[in-house]
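Structural features, examined
These are the residues of each chain, in order.
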Amino acid sequence: MLVSVKDSISSWFRIEGRGISGYAFIIHRLTGIVLTAYIFLHLAFLTSLTEGESAYTSLIEKTVNIRFLPFDILLIGVTIYHSLNGLRLVIAEFFVTRYHRELFVIFIIVGVVIWIFTSYLLYRFVVV
Amino acid sequence: MEEREVTFIVKRFYRNEWREDRYEFKAVRGMTVLDGLFHIRDNIDPSLSFRASCRMGICGSCGMVINGKAMLACSTQIFDLGTDVVRIEPLRNMEALKDLISDFDDFFEKHRRVKPYLIRKEEKSIEEGEYIQTPDELRKYRQYSLCIKCGLCYDACSITGSNKEYLGPAALASACRFIMDSRDQGEDERIPLVSDHTGCWRCHFMAECSEVCPKEVDPADAIQKLKRKALIYSLKRLFRR
Amino acid sequence: MEEMHTKKVLEPVWWFFQIITGILLLVLVSLHLYVTHFASEKALDYSSVIGRLSSPGFKVLYAVLLLAVVYHGINGMRAIFLDLTMSDVTKRIVNILSLIVALLLFGYGVYLLANIG
Ligand code: HEM
Ligand code: SF4
Ligand code: SF4
Ligand code: FES
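This structure is a prediction, so every number in the text was calculated from the model and none was measured. (Residues numbered from 1 in each chain as written. Chains lettered and ligands numbered in written order. Predicted model: local features only at pLDDT ≥ 70, side-chain atom pairs only at ≥ 80, totals over all residues. Heavy atoms only, no water.)

1. Quick notes on the overall build of chain B
Going by this rule: Here a strand is any run of E in DSSP of at least two residues, a helix any run of H or I of at least four, and the numbering for each starts at the N terminus. Three exposure classes are used, based on accessible area relative to the maximum for each residue type with a 1.4 Å probe and protein chains only: buried under 20%, partly exposed in between, and exposed over 50%. Values of accessible area rely on a 1.4 Å probe in the Shrake-Rupley scheme; residue burial ignores everything except the protein chains shown. Residues scored as charged are limited to Lys and Arg (positive) and Asp and Glu (negative), so that His and the chain ends carry no count. Throughout, a charge is located at the NZ atom of Lys, the CZ atom of Arg, the CG atom of Asp or the CD atom of Glu.
The helix and strand tally for chain B stands at nine helices and seven strands. With respect to the three principal axes, the spread of C-alpha positions in chain B is 65 × 40 × 30 Å. Here chain B, with 241 residues, has 56% of them falling under the buried criterion. Summed over its atoms, the accessible surface of chain B is roughly 11,100 Å², and 47% of this surface lies on carbon and sulfur atoms. Once the 40 positive and 39 negative side-chain charges of chain B are each reduced to a mean point, those two points are 4 Å apart.

Structure representation (structure tokens):
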């Protein structure tokens, strides 16, 4: 029996009846997909470096500015979440599962602190 | 005794059609969801079907989805749910047969597939006595042997919902139960079974299976152990050749 | 008795690499973000970027980052696709397609590294 792609996706991302570990999985999967899509975008942007200084500089002027700051902040948040939760998964899958709930809470708190701090640094980087 | 008016909204399946029925009745403190269903069947609607046997959380028959979460109806008190409106549906990752009764065939077939019995390269004769095990050796797998095959974890796992071939938490925990057993010698048969596309690599440690398990089997933990066992087994294979 | 086919033997190894590249990425991505955004306000100026990419140290570092990120991202996507119910043929297609996309990405990254700085 086959499950349709639509039903599969709603099974992965079902929120009803789930707890902390369920939400952690949902966000990890979404952030994983976003980050993988970003590899493509990132490499595409780097192409401008082979086309000389003016191509690169005009691209940087277009993308590194206050209008794109919200996206930068979002992207760094996505990276921080996926990295820290990824570390939690490494610990659970490869070492011990027992502390995964505590680790989630700790990593969320640590992650939010890092996110606020790096967002401020990004703001300074873009505005100055 | 404390009494309260409660509403059961039951998602029912009959002859390929889904429908929802509402039942209102007075529940008393201490009444389980299963008691509520019996009350409905005996006093309101004799056509309501559900499975149950032991009424004490040991047979694993009464698994169903209660307010979005898979639970044993007999081990869940109505007043503990924190709401007077109780939505009940059959387990989601199995086919419904009638009302709250689900088809466990796939679930049991997957359990059978991991060879849930001791495999010996050579059997001892009866005269030689039993296979001795120390308490420590027992502790390595005891927890995983407590599974009652209720199928709650099968409902909670988002991968069993998307991949019909995935063995699922209960079968994999069962495989782990035998692989961790000092008396078992079936590694060569069982590890290849659980280490392919439909086995432990489908698990992404969502750990919802362990959240809903009424017996604290912790299948999520068992599956991560299986992954490490399978890795070591593979590495040995790769370097022996 | 079941035979452990090469493909099954490799499946645990792919998982192991996913874990290893995950740890590697935690370090390398942090380093990358620090160098390009947080260390200096001029870090993304053309001359700074070219300067970094001209040094063999950075080239090696970026090559490792590229390899890790491509493996981790594409193998992660492969895992997501394999979570769907599919026939053995479709599974093969997913595996082959993943390999092709990974090689293309990696190849393009190496091309960029070779042509910049
Ligand atoms: C920076 C540190 C990172 C760590 C520690 C990490 C860790 C992990 C781990 C352990 C998994 C496996 C989860 C599982 O078994 O299901 C995973 C999945 C994944 N990762 Fe990462 N990761 C990191 C960064 C990245 C990056 C930069 C990308 C994208 C380029 C990425 C993309 C993915 C994808 C697509 C998945 C699959 C998601 C899923 O199975 O639902 N990860 N990550
Ligand atoms: S830990 Fe694995 S088996 Fe359990 S719910 Fe998550 S994906 Fe499913
Ligand atoms: S592992 Fe737990 S939830 Fe799953 S079938 Fe066994 S007892 Fe039920
Ligand atoms: S009736 Fe036996 S477990 Fe609920």
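2. Overview of the overall build of chain C
As a reminder, the rule being used: The atom set for the radius of gyration is the C-alpha atoms, and the globule formula is 2.2 Å times the number of residues raised to the power 0.38.
Within chain C, the secondary structure is distributed over four helices and zero strands. Along chain C, from the amino end to the carboxyl end, the secondary structure elements read α-α-α-α. Taking 13 Å as the expected radius of gyration for a compact globule of 117 residues, we find that chain C reaches 18 Å, considerably beyond that expectation. Its C-alpha atoms give chain C principal-axis dimensions of roughly 60 × 25 × 25 Å. Of the roughly 6,100 Å² of accessible surface on chain C, 74% is carried by carbon and sulfur atoms. Averaging the positions of the 8 positive and the 7 negative side-chain charges in chain C gives two centres separated by 6 Å.

3. A closer look at the site of ligand 1
Where we set the bar: When we say a residue is near a molecule or strand, we mean one of its heavy atoms is within 4 Å of it. Pairs of N or O atoms are called polar contacts if they sit within 3.5 Å, as long as, within protein, a hydrogen donor faces a hydrogen acceptor (for residues adjacent in sequence, only side-chain-to-side-chain pairs). Under the scheme applied, nonpolar residues are Ala, Val, Leu, Ile, Met, Phe, Trp, Tyr, Cys and Pro; charged residues are Asp, Glu, Lys and Arg; polar residues are all the others, including Gly.
Not every one of the 24 residues close to ligand 1 is listed here, only the nearest: Arg-29, His-82 and Glu-93 of chain A, His-204 of chain B together with His-72 of chain C. The environment of ligand 1 is shared, with nearby residues belonging to chains A, B and C. A distance of 2.5 Å is found between an oxygen atom of ligand 1 and a side-chain nitrogen or oxygen belonging to Arg-29 of chain A. For the shell around ligand 1, the element with the highest residue contribution is helix 4 (residues 69–95) of chain A, accounting for seven residues. Its residues assigned to classes, the shell around ligand 1 comprises ten nonpolar, twelve polar and two charged.

4. Considerations on helix 2 (residues 20–46) of chain A
To keep it simple, the criterion reads: For a helix, the expected span equals 1.5 Å multiplied by the residue count minus one.
Here helix 2 of chain A contains 27 residues, and its C-alpha end-to-end distance of 38 Å stays within 8% of the 39 Å for a straight helix at 1.5 Å per residue. Inspection of helix 2 of chain A places Ser-21, Gly-22, Ala-24, Phe-25, Ile-26, His-28, Arg-29, Thr-31, Gly-32, Thr-36, Ile-39 and Leu-43 of chain A among the buried residues, and these make up the whole buried set.

5. Quick word on the interface of chain A and chain C
What counts, and what does not: Two residues form a contact once any of their heavy atoms are found within 4.5 Å. By convention, the term buried area covers the 1.4 Å-probe accessible surface removed from two parts as they join, with the contributions of both added. Salt bridges are identified by distance alone: a Lys or Arg side-chain nitrogen within 4 Å of an Asp or Glu carboxyl oxygen.
Listed as interface residues are 36 residues of chain A and, on the opposing side, 37 residues of chain C. Across the chain A/chain C interface, buried area totals approximately 3,200 Å², and carbon plus sulfur atoms make up 78% of it. When residues of chain A are sorted by the area they lose upon contact with chain C, Leu-43, Leu-49 and Phe-125 of chain A head the list and together hold 20% of the total. Taken together, the links from chain A to chain C amount to two salt bridges. When the shortest N-O distance is used, the salt bridge between Asp-83 of chain C and Arg-29 of chain A registers 2.6 Å. Joining chain A to chain C, the criterion identifies four residue pairs in polar contact (both at pLDDT 80 or more).

6. Focus on the interface of chain B and chain C
For interface size, the figure often reported is the accessible area lost on association. With 27 residues of chain B at the contact, the number on the chain C side is 20 residues. By the criterion of area lost to chain C, the three top residues of chain B are His-197, Trp-201 and Leu-231 of chain B, representing 26% of everything that side buries. One can count one salt bridge joining chain B with chain C. We note a salt bridge from Arg-202 of chain B to Asp-83 of chain C, for which the minimum N-O separation is 2.6 Å. For the interface between chain B and chain C, the tally reads ten residue pairs in polar contact (both at pLDDT 80 or more). For the side of chain B that touches chain C, the elements supplying multiple residues, two or more each, are helix 5 (158–162), helix 7 (187–194) and helix 9 (219–240) of chain B.

7. Quick notes on the coordination of the iron atom of ligand 1
Heads up, the condition is: Donor selection uses N, O and S atoms within 2.8 Å of the metal (3.2 Å for Na, K and Ca). Since no water is included, sites may look incomplete. Only four donors with every angle between 85 and 135 degrees are called tetrahedral; only four or six donors with opposite donors over 155 degrees apart and all others between 65 and 115 are called square planar or octahedral, in that order; all others are irregular.
The protein atoms that coordinate the iron atom of ligand 1 are His-82 of chain A (NE2) and His-72 of chain C (NE2), at distances spanning 2.0 to 2.1 Å. Because the angles between the six donor atoms bound to the iron atom of ligand 1 fall within 82 to 179°, the donor set is best described as octahedral. Remark: His-72 of chain C occurs in helix 3 (residues 56–82) and His-82 of chain A occurs in helix 4; the pair is interchain, linking two chains. On the accessibility criterion, His-72 of chain C (15% relative accessible area) is buried.

8. Considerations on the site of ligand 3
Around ligand 3, the structure places Phe-107, Cys-147, Ile-148, Lys-149, Cys-150, Gly-151, Leu-152, Cys-153, Ala-170, Cys-213, Pro-214 and Val-217 of chain B. Across the shell around ligand 3, the residue classes break down as ten nonpolar, one polar and one charged.

9. Remarks on the nonpolar core
Short version of the rule: Nonpolar cores are built from buried Ala, Val, Leu, Ile, Met, Phe, Trp, Tyr and Cys residues. Side-chain atoms within 4.5 Å join them into one set.
Formed by 47 residues in total, the largest nonpolar core has its most connected members in Phe-8 and Ile-78 of chain B. In this view, Ile-78 of chain B contacts Val-6, Phe-8, Ala-27, Met-31, Thr-32, Val-33, Gly-36, Thr-83 and Val-86 of chain B; residues no more than four positions away in its chain are not counted. Grouped together as the second largest cluster of nonpolar side chains are 40 residues, Phe-25 of chain A, Cys-157 and Leu-226 of chain B together with Leu-82 of chain C included.

10. Some details on the confidence of the model for chain C
The predicted coordinates should not be examined in detail at positions where pLDDT is low. Put simply, the test is: Note on scores: pLDDT gives the predictor's confidence for each residue, bounded by 0 and 100.
Scored by pLDDT, chain C has a mean of 93; 93% of the residues are at 70 or more. For this predicted complex, the interface confidence score (ipTM) comes to 0.93, while the overall pTM stands at 0.94.

11. Quick look at the environment of His-82 of chain A
Residues and elements named next belong to chain A. Residue His-82 is classed as buried on the basis of its relative accessible area, which comes to 13%. When the C-alpha atoms of His-82 and Gly-111 are compared, they prove to be 9.9 Å apart, with 29 residues separating the residues in sequence. Within the structure, the side chain of His-82 is placed 3.4 Å from the backbone nitrogen of Gly-32, a separation counted as a polar contact.

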